[in-house]
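# Analysis of the macromolecular model
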There are 2 protein chains.
Amino acid sequence: MTGGPIHPVILSGGAGTRLWPMSRALRPKQLLPLVSELSERSMLQETVARVSGPDFGPPVIICNDEHRFVIAEQMRELGIEPRAVVLEPAGRNTAPAAVVAALLLIRDDPDARLLVLPSDHVIEDVERFRAATALAAKAADDGALVTFGIPPTRPETGYGYIRRGEPYPGIDGCYRIDRFVEKPDPETARGYVDAGDYAWNSGMFLFGAGTLLDEAQRLKPDMVSCCRAAVANAREDLDFLRLGHEAFVAAESVSIDYAVMEHTRRGAIVPAEMGWSDVGSWSALWEIGDHDAQGNAVVGDVMTLDVRDSYIRADGNLVTAIGVEDLVIVAADDVILVASRDRAQDVKKMVEELEGRAVPNTTCIPACCAPGDRTSRWTAANASR
Amino acid sequence: MTGGPIHPVILSGGAGTRLWPMSRALRPKQLLPLVSELSERSMLQETVARVSGPDFGPPVIICNDEHRFVIAEQMRELGIEPRAVVLEPAGRNTAPAAVVAALLLIRDDPDARLLVLPSDHVIEDVERFRAATALAAKAADDGALVTFGIPPTRPETGYGYIRRGEPYPGIDGCYRIDRFVEKPDPETARGYVDAGDYAWNSGMFLFGAGTLLDEAQRLKPDMVSCCRAAVANAREDLDFLRLGHEAFVAAESVSIDYAVMEHTRRGAIVPAEMGWSDVGSWSALWEIGDHDAQGNAVVGDVMTLDVRDSYIRADGNLVTAIGVEDLVIVAADDVILVASRDRAQDVKKMVEELEGRAVPNTTCIPACCAPGDRTSRWTAANASR
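Bear in mind that the values here come from a model prediction, so they are computed numbers and not experimental data. (Residues numbered from 1 in each chain as written. Chains lettered and ligands numbered in written order. Predicted model: local features only at pLDDT ≥ 70, side-chain atom pairs only at ≥ 80, totals over all residues.)

On to the overall build of chain A. Counting secondary structure elements, chain A contains twelve helices and 19 strands. In chain A, the share of contacts with a sequence separation of at least 24, taken over all contacts with a separation of at least 6, comes to 66%. (Helix = DSSP H or I, 4+ residues; strand = E, 2+ residues; numbered from the N terminus. Contact = placed C-beta atoms within 7 Å.)

Okay, structure coming up:
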């Protein structure tokens, strides 16, 4: 049982190709003020702000080398000094990132608890989020690896689901995990929503550093060895911690779910409605945006005439629309996207086609991508998770 | 009977708000290479090139003062030296422009024949156009005021129609005019198409300078007086002829049709299929454009995924579209238009709304228009016809 602060570990490795063209290799979605227009805060900043205060230690941020200065600047704007900004030489998904963070934190505090958070999610109800965190911390102190579940509000086929099991002894609102399920087909998803004991897998976790390392060591010993070597060979580089290149690149690219959560017997889940959205596509931004009387969510300099239920975003230019509905229109500096709202997920395909080829699990170097002089500007790097 | 060259009189006063945002006050549609992509020729250049050769004299171009250098440069590119570039101090529709041209041409040649042509039409079949011109010239030499009619291919409600009367004596393919009719409703338009003796009013004319001046003098003496004064007070300004400001502005703003053709007994019509389009809207550009297998007409840097029957134009940027159909997407530098193809006519409304108010029959001075720092760039001036 510990009572110290919870250490936020913010994962900021992704590129979010589905929010292209706003989200690109050099300015991924979590670093953009896509959601909170008024405050002009990026999702990364919102995420960090959400876990500031006496209950939390300063954040550990794990990110792509290319984004380090933008991230440092965004933290400076918030007046927050991270405990560490850890630079990944390449994306290796979430498990190595969490293990590295655990290795760093356990050095100073053998009872350190990690709250692992993606940086590109929206959470509107911060109080409920914090209440869920307090609940999860109790289970973590009991040796559990806790995941946060989002009660599904629609038969979403783009997320994984978690079925809860028995109530966690002595912690009201926490459950054992019955099983993880992959992204379902629409009918199966409908069944999950109706069943009532399934939750969306939010990708947020809370666990003791020691607990994670024990289970990861047991289940993925090679990955943990690579992570240990990457930390041992890390070097301080001004305000950043640069992981050992060779060792980290050798680590298996795998998510926390696949590597640990789906196999451990110590898994637990705290289901909590907290106004969560993964902002995974433009249609998600339409859903969480403010709507005018015609159902349009509009950002920037936009004029409409008989337009309905559309998401329209102008970034420094003027967008005009006449007599259309259910569209996504996003105008970046030099790239314009017009898509049917129900095809918003296919933006990913378009980006892959632009790249000329899909580049799995590596950071895409602009020059390697599609031909054309502006390629480097619209190429999306691959995610590290 | 004369046998000398025909003098093309090119009217280039319009602004074409329905092709906004490509067409704007300072670069109206006739000065843009909207149609002939490969040659990069503007519609004005195409129009002038169409009437070059031994049968034609050098063109008289009548235009807005603001466009004079662009027009001079476009003529230089073609290697054509106009007989005159006449600058209108303000748009006064087509009748004063034609009368001014007649007054200028009759000075040197009492038998001068004028071929009056809008500069913003597409004519694909130049041979038929020239054959129709030769036919019309015969009737003009007989004292007729000849208009060119386009056999309607659809019940278009955006054009005026002309019903032909008796065959013109001795000139096969030429007819007397029975009557002019205004833009009809769809049912009436259907009737016109089915009747077979109606043609679209193309706005192209051929007549002797003396014939026009006689009839205009009889029907609109005040307007002719103003035009005479404007020519008398005109001054040569480098390569341009600047009409007398006060006199020309005092002239009634009226079309050749209203002022003369609908009232004269000397009217004639040569109906001729010649691949004509007035390029009056983006949907017209879709119609005359080359289509890919999915029915899209695409210009510039465009990528599509499951897109059908759409007009997509990228001007220096990249436009991507996913899962949409029947759209017009036009991306200018700083303004993007997305419209349902069947609402393409409403672009005009959008421009008026941008202007803050409609400015009928005056050249719109940018600073007078809607608020906003970029207004001057997207304000459409009003047409001079």
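Time to look at helix α11 (residues 347-355) of chain A. All names here are of chain A. Those residues of α11 lying buried are V347, M350, V351, L354 and E355. In an axial view of α11, the angular spread of the buried residues amounts to 140 degrees, which keeps them on one side of the axis. At the C-terminal side of α11, G356 shows a positive phi close to 90 degrees. (Buried ≥ 20, exposed ≤ 12 C-beta atoms within 10 Å, placed from the backbone. Arc of directions from axis to C-beta.)

To characterise two packed helices, one gives the angle between the axes of the helices and the distance between these axes. Residues and elements named next belong to chain A. In the contact formed by helix α3 (residues 94-108) and helix α6 (residues 209-219), the axes pass within 9 Å of each other and the chain directions differ by 130 degrees. Regarding the angle of α3 to α6, the classification is oblique. Here the hand of the crossing between α3 and α6 comes out left-handed. In contact with A95, A98, V99, A102, L105 and I106 of α3, α6 contributes A209, G210, L212, L213 and A216. (Axes fitted to C-alpha atoms, helices over the stretch in contact; angles between N-to-C directions. Parallel < 35°, antiparallel > 145°, perpendicular 65-115°, else oblique. Left-handed = near helix turned anticlockwise from the far one by under 90°.)

This paragraph deals with the domain arrangement of chain A. In terms of domain boundaries, chain A breaks down into domain 1 (6-277) and domain 2 (282-378). Placing a centre on the C-alpha atoms of domain 1 of chain A and another on those of domain 2 of chain A gives a separation of 27 Å. (Domains from an automatic or database assignment.)

Turning next to unusual backbone geometry. All names here are of chain A. Of note in the backbone geometry, D306 takes a positive phi value of approximately 55 degrees without being a glycine. Within the secondary structure, D306 sits in the loop between β15 (302-305) and β16 (311-314). Of the residues examined, D306 has 15 C-beta atoms within 10 Å and is grouped as partly exposed. For D326, which is not a glycine, the phi torsion comes out positive at approximately 55 degrees. Considering the arrangement of structural elements, one finds D326 in the loop between β17 (318-322) and β18 (327-331).

Residue and element names in this part refer to chain B. Compared with the 21 Å implied by 1.5 Å per residue over 15 residues, the 22 Å span of helix α3 (residues 94-108) between its first and last C-alpha is a close match. Most of α3 is tucked away: eleven of the 15 residues are buried. Among all positions in α3, only T94, A95, P96, A97, A98, V99, V100, A101, A102, L104 and L105 are buried. (Expected span 1.5 Å × (residues − 1).)

For strand β15 (residues 311-322) of chain B, the tally of buried residues reaches ten of twelve residues, placing the bulk of the element in the interior. Direction of pairing for strand β19 (residues 335-340) of chain A relative to β15 of chain B: parallel, over a ladder of five bridges. Across the sheet, the residue bridging to V338 of chain A is A321 of chain B, located in β15 of chain B. Inspection of the sheet shows strand β14 (residues 297-305) of chain B paired to β15 of chain B by eight bridges, in the parallel sense. Following the sheet pairing, V298 of chain B is matched in β15 of chain B by I312 of chain B. (Pairing = 2+ DSSP bridges.)

On to the interface of chain A and chain B, then. Taken together, the 29 residues of chain A in the interface contact 29 residues of chain B. Listed by contribution, the elements that provide at least two residues to the side of chain A that touches chain B are β15, β17, β18, β19 and α11 of chain A. For the side of chain A that touches chain B, the element with the highest residue contribution is β19 of chain A, accounting for six residues. The class makeup of the residues in the side of chain A that touches chain B is 19 nonpolar, four polar and six charged. (Nonpolar A, V, L, I, M, F, W, Y, C, P; charged D, E, K, R; others polar.)

Let us look at the relation of the copies chain A and chain B. The operation relating chain A to chain B is a screw motion whose rotation component is 179 degrees, with 0.0 Å of axial translation and a residual RMSD of 0.1 Å. The two molecules are tied by a two-fold rotation axis, judged by turn and shift. (Least-squares fit on C-alpha atoms with pLDDT ≥ 70 in both.)

In this structure, L114 and V146 of chain A together with L114 and V146 of chain B are the most contacted members of the largest nonpolar core, which totals 245 residues. Not counting residues up to four positions away in its chain, the partners in contact with V146 of chain B are A136, A139, A140, F205, L206, F207, A268, I269 and V270 of chain B. (Core = buried A, V, L, I, M, F, W, Y, C linked by C-beta atoms within 7 Å.)

Moving on: the packing of helix α6 (residues 209-219) of chain B against helix α7 (residues 221-232) of chain B. Residue and element names in this part refer to chain B. In contact at an axis separation of 5 Å, α6 and α7 are set at 125 degrees when each is read in the N-to-C sense. Taken together, the axes of α6 and α7 are oblique relative to one another. Here L213, A216 and Q217 of α6 lie close against α7, whose contacting residues are P221, M223 and V224. For the contact of α6 with α7, the per-class residue count stands at five nonpolar, one polar and no charged.

All names here are of chain B. Within strand β3 (residues 84-88), five of the five residues are buried, leaving the element largely enclosed by the surrounding structure. Pairing of strand β2 (residues 60-64) with β3, which is carried by five bridges, proceeds in the parallel orientation. Each bridged residue has a counterpart across the sheet, and for N64 the counterpart in β3 is E88. Once you follow β2 into helix α2 (residues 68-78) and on to β3, the crossover reads as right-handed. With three bridges connecting them, β3 and strand β11 (residues 240-242) associate as parallel partners. Bridge pairing in β11 places V86 opposite L241. (Right-handed = clockwise from strand over helix to strand, strands pointing away.)

On to the environment of G280 of chain B. Residues and elements named next belong to chain B. Note that G280 resides in the loop between β13 (276-277) and α10 (282-288). Since 20 C-beta atoms lie within 10 Å of it, G280 is described here as buried. Along the sequence, G280 and Q345 sit 65 residues apart, while their C-alpha atoms lie 8.3 Å from each other. The contact partners of G280, leaving out residues within four places of it in the chain, are R18 and G158.

Moving on: the environment of D326 of chain B. Using a count of 18 C-beta atoms within 10 Å as the deciding quantity, one classes D326 of chain B as partly exposed. In sequence terms D326 of chain B and S340 of chain B are 14 residues apart; their C-alpha atoms lie 6.2 Å from each other.

Structurally, E156 of chain B is set in the loop between β6 (145-150) and β7 (161-167). Sequence separation of E156 of chain B and A189 of chain B is 33 residues, and the distance between their C-alpha atoms is 6.4 Å.

Okay, the confidence of the model for chain A next. Residue and element names in this part refer to chain A. Across chain A, the average pLDDT comes to 87, with 89% of residues at 70 or higher. Across residues 357-385, confidence stays below pLDDT 50; counting only partners more than four residues off in sequence or on other chains, it has 74 contacts. For this predicted complex, the interface confidence comes out at an ipTM of 0.71, alongside a pTM of 0.73. (pLDDT = per-residue confidence, 0-100.)

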